[in-house]
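Take a look at the letters that make up each chain.
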Amino acid sequence: DAGVIQSPRHEVTEMGQEVTLRCKPISGHNSLFWYRQTMMRGLELLIYFNNNVPIDDSGMPEDRFSAKMPNASFSTLKIQPSEPRDSAVYFCASSSGTAHLPQHFGDGTRLSIL
Amino acid sequence: GIQVEQSPPDLILQEGANSTLRCNFSDSVNNLQWFHQNPWGQLINLFYIPSGTKQNGRLSATTVATERYSLLYISSSQTTDSGVYFCAVSPRAGGTSYGKLTFGQGTILTVHP
């Protein structure tokens, strides 16, 4: 079975540019999560969706960040404009059903903002 | 929110040694997962274990939910076990925190040949 698929795996761009990260959850999973990993803050949840609806976006750092889930098989995380402090590894995860079931992570997108 | 503390922060072993990693959490949970982050940065699911004991090859885990801790055992360690081990929990309480995984800071394991 295919796992969570993220693209791109690596992204290097200049400050001020728009960045779009993509995620395809595991088929049949109805919860999707975006996490960010940095040296300073570790792994932290940015936003999560249930049945394509954003449930909690309290972890989104600021208005420059936005996330969408137009259908059950695709989500995007967008940063506009990007800043060097956004450099991090961004993970997408999905799970089936409610909160008590395990989350499965993609391989992450390593983002570098110059 | 829920607090997750892992110990030790760093661990250095010789190949073949056994080790125990600990995860303490501050509230009741309905999800607890152990992950291994390998040198390529991938987060590998090891166990989903909100309570009880599970084993998978050389690895096993035990969660004592009533006492709010979990242990990960690695036996006969190999160099490929090196990496960072994370514990992550989701609180049992409702509200918007329901379903959110909170990660500990991790244990960095280095296994020397």
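In what follows, the accompanying structure is described.

Thresholds, definitions, all that
Here the residue numbers are simple positions, counted from 1 along each chain's written sequence. Throughout, the order in which chains and ligands are written sets their labels, letters from A for the former and numbers from 1 for the latter. Per-residue local features of the predicted model are confined to residues with pLDDT of at least 70, and side-chain atom pairs are confined, for both listing and counting, to 80 or more; whole-chain, interface and lining totals are unaffected and use all residues. The basis for the side-chain values is all heavy atoms of the structure; hydrogens and waters are excluded. Any pair of residues with heavy atoms lying within 4.5 Å of one another is described as a contacting pair. By convention, the term buried area covers the 1.4 Å-probe accessible surface removed from two parts as they join, with the contributions of both added. Any Lys or Arg side-chain nitrogen located within 4 Å of an Asp or Glu carboxyl oxygen qualifies as a salt bridge. Residues are grouped as follows: nonpolar covers Ala, Val, Leu, Ile, Met, Phe, Trp, Tyr, Cys and Pro; charged covers Asp, Glu, Lys and Arg; every other residue, Gly included, is treated as polar. Here a strand is any run of E in DSSP of at least two residues, a helix any run of H or I of at least four, and the numbering for each starts at the N terminus.

1. Observations regarding the interface of chain A and chain B
Thinking step 1. In this complex, chain A contributes 19 residues to the contact, which on the side of chain B involves 19 residues.
Thinking step 2. Taken over both partners, the interface formed by chain A and chain B buries close to 1700 Å², and the fraction arising from carbon and sulfur atoms is 51%.
Thinking step 3. Our enumeration of links across chain A and chain B arrives at zero salt bridges.
Thinking step 4. Among the residues forming the side of chain A that touches chain B, the class breakdown is 10 nonpolar, six polar and three charged.

2. Some remarks on unusual backbone geometry
Thinking step 1. Looking along the chain, the bond that leaves Q80 of chain A and enters P81 of chain A is cis, with omega of -10 degrees.
Thinking step 2. If you trace the backbone, P81 of chain A turns up in the loop between β8 (74–79) and β9 (88–95).
Thinking step 3. Cis geometry is adopted by the peptide bond preceding P8 of chain B, which originates at S7 of chain B and carries an omega value of -10 degrees.
Thinking step 4. Tracing the backbone through its elements, the reader meets P8 of chain B in the loop between β1 (4–7) and β2 (10–14).
Thinking step 5. Notably, N52 of chain A is not glycine yet its phi reads approximately 75 degrees, a positive angle.
Thinking step 6. Structurally, N52 of chain A is set in the loop between β5 (42–50) and β6 (53–56).
Thinking step 7. Unusually for a residue other than glycine, S76 of chain B sits at a positive phi of about 45 degrees.
Thinking step 8. Among the structural elements, S76 of chain B can be located in the loop between β8 (69–74) and β9 (83–91).

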